[in-house]
Amino acid sequence: MNEDVEPPSGYTSPPPGAPVRRLRFRLPDLPRVRQFAEDEARDAGMAEEAVGDFVIAVNEVATNAVTHGAEPATLRTWTASGDLVVEVHDEGSWKPGPMPGAVGGMGLWVARLLSSDLTLRVGNGGSTVIMRFPGKD
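Residues numbered from 1 in each chain as written. Predicted model: local features only at pLDDT ≥ 70, side-chain atom pairs only at ≥ 80, totals over all residues. Heavy atoms only, no water.

Q: Tell me what's going on with the overall build of the protein chain, and back it up with residues and numbers.
A: Tallying secondary structure elements over the protein chain gives three helices and six strands in all. When the elements of the protein chain are put in sequence order from the N terminus, they spell out β-β-α-α-β-β-α-β-β. By residue count, 41% of the 137 residues in the protein chain fall in the buried class. Sequence-distant contacts, at least 24 apart, represent 66% of the contacts inside the protein chain between residues at least 6 apart. If you sum the accessible surface of the protein chain, you get close to 7400 Å²; carbon and sulfur atoms cover 53% of it. (Helix = DSSP H or I, 4+ residues; strand = E, 2+ residues; numbered from the N terminus. Buried < 20%, exposed > 50% of the residue type's maximum accessible area, 1.4 Å probe, protein only. Contact = heavy atoms within 4.5 Å. Areas by Shrake-Rupley, 256 points an atom, 1.4 Å probe, with all protein chains shown as cover.)

What follows is the structure in structure tokens.
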């Protein structure tokens, strides 16, 4: 996992000309977020056996954004070099992860395990998680 504080503008963004899909959401919209993620995975040609893990990772990060961050949050997806990239952004401030012995608060840890790369950007502009997943099988 990469962690940046106050990264330069445009640090991680879609390649020029890449189509970007966007979804703004609040806590009650999480079922729609999961359906959006599933559709994006299939559209990107992700292996069918990987779609469930992808949806879990996106759901964990999206849930964090609207329960620990600030609503509404924004989800963006695009493809880069055959991979599916997901960005979840909220305007909240970063709070450290779970304490030893905690029974919750492990969403980013789960997302990191399920993605091929996870970058966390935090600063005055909010919190952004960028995940990368293999696209075409």
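Q: Summarise the pairing of strand E3 (residues 73-80); cite the residues concerned and give the values.
A: Across the eight residues that make up E3, a large majority, seven, are buried. Summarising the sheet, strand E2 (residues 21-25) and E3 pair through five bridges and their orientation is antiparallel. Counted as the bridge partner of Arg22 is Arg76 from E3. Bridge count between E3 and strand E4 (residues 83-90): seven bridges; the pairing is antiparallel. Opposite Thr74, over in E4, you have His89 as the bridge partner. Linking E3 to E4, which pair antiparallel, is a turn of two residues; within it Ser81 sits at a positive phi near 55°. (Pairing = 2+ DSSP bridges.)

Q: Which residues make up unusual backbone geometry, and what values go with them?
A: For the bond running from Glu71 to Pro72, omega is -10°, close enough to zero to count as cis. Mapped onto the secondary structure, Pro72 falls in the loop between helix H2 (48-67) and E3.

Q: Would you mind going over the pattern of salt bridges in detail, with residue names and values included?
A: Applying the stated rule across the entire model yields six salt bridges. In this structure, the salt-bridge partner of Asp29 is Arg32, at a minimum N-O distance of 3.7 Å. Judged by its relative accessible area of 42%, Arg32 falls in the partly exposed class. The shortest N-O distance in the salt bridge between Arg132 and Asp83 comes to 2.8 Å. With Arg132 in strand E6 (residues 126-134) and Asp83 in strand E4, the pair connects residues that are 49 residues apart, well separated along the chain. Residue classification places Arg132 among the partly exposed positions, given a relative accessible area of 26%. Within this structure, Glu38, Arg42 and Glu48 form a network of salt bridges that share partners. (Salt bridge = Lys/Arg side-chain N within 4 Å of Asp/Glu carboxyl O.)

Q: How would you summarise helix H1 (residues 30-43) if you had to cite specific residues and measurements?
A: Relative to the 20 Å expected for 14 residues at 1.5 Å per residue, H1 spans 20 Å between its end C-alpha atoms, a close match to the ideal helical length. Turning to H1, its buried residues are Leu30, Val33, Phe36, Ala37, Glu40 and Ala41. Down the axis of H1, the buried set is contained in an arc of 135°. They therefore lie on one face. Residues of H1 that are buried sit in contact with E2, H2, E3 and E4. (Expected span 1.5 Å × (residues − 1). Arc of directions from axis to C-beta.)

Q: Tell me what's going on with the packing of aromatic side chains, and back it up with residues and numbers.
A: The relation between two aromatic rings is expressed through the spacing of the ring centres and the mutual angle of the planes. A full pass over the atoms with the stated rule returns one aromatic pair. The interplanar angle of 85° and the centroid separation of 4.7 Å between the aromatic rings of Phe54 and Phe133 together place this pair among those described as edge-to-face. With Phe54 in helix H2 and Phe133 in strand E6, this residue pair connects regions lying 79 residues apart in the sequence. In terms of burial, Phe54 and Phe133 fall into one category: buried. (Phe/Tyr/Trp six-rings, centres within 6.5 Å; stacked < 30°, edge-to-face > 60°.)

Q: Summarise H2; cite the residues concerned and give the values.
A: The first and last C-alpha atoms of H2 sit 29 Å apart over 20 residues, in line with the 28 Å expected at 1.5 Å per residue. Turning to H2, its buried residues are Val51, Phe54, Val55, Ala57, Val58, Asn59, Val61, Ala62, Ala65 and Val66. Where the residues of H2 are buried, they touch E2, H1, E3, E4, helix H3 (107-114) and E6.

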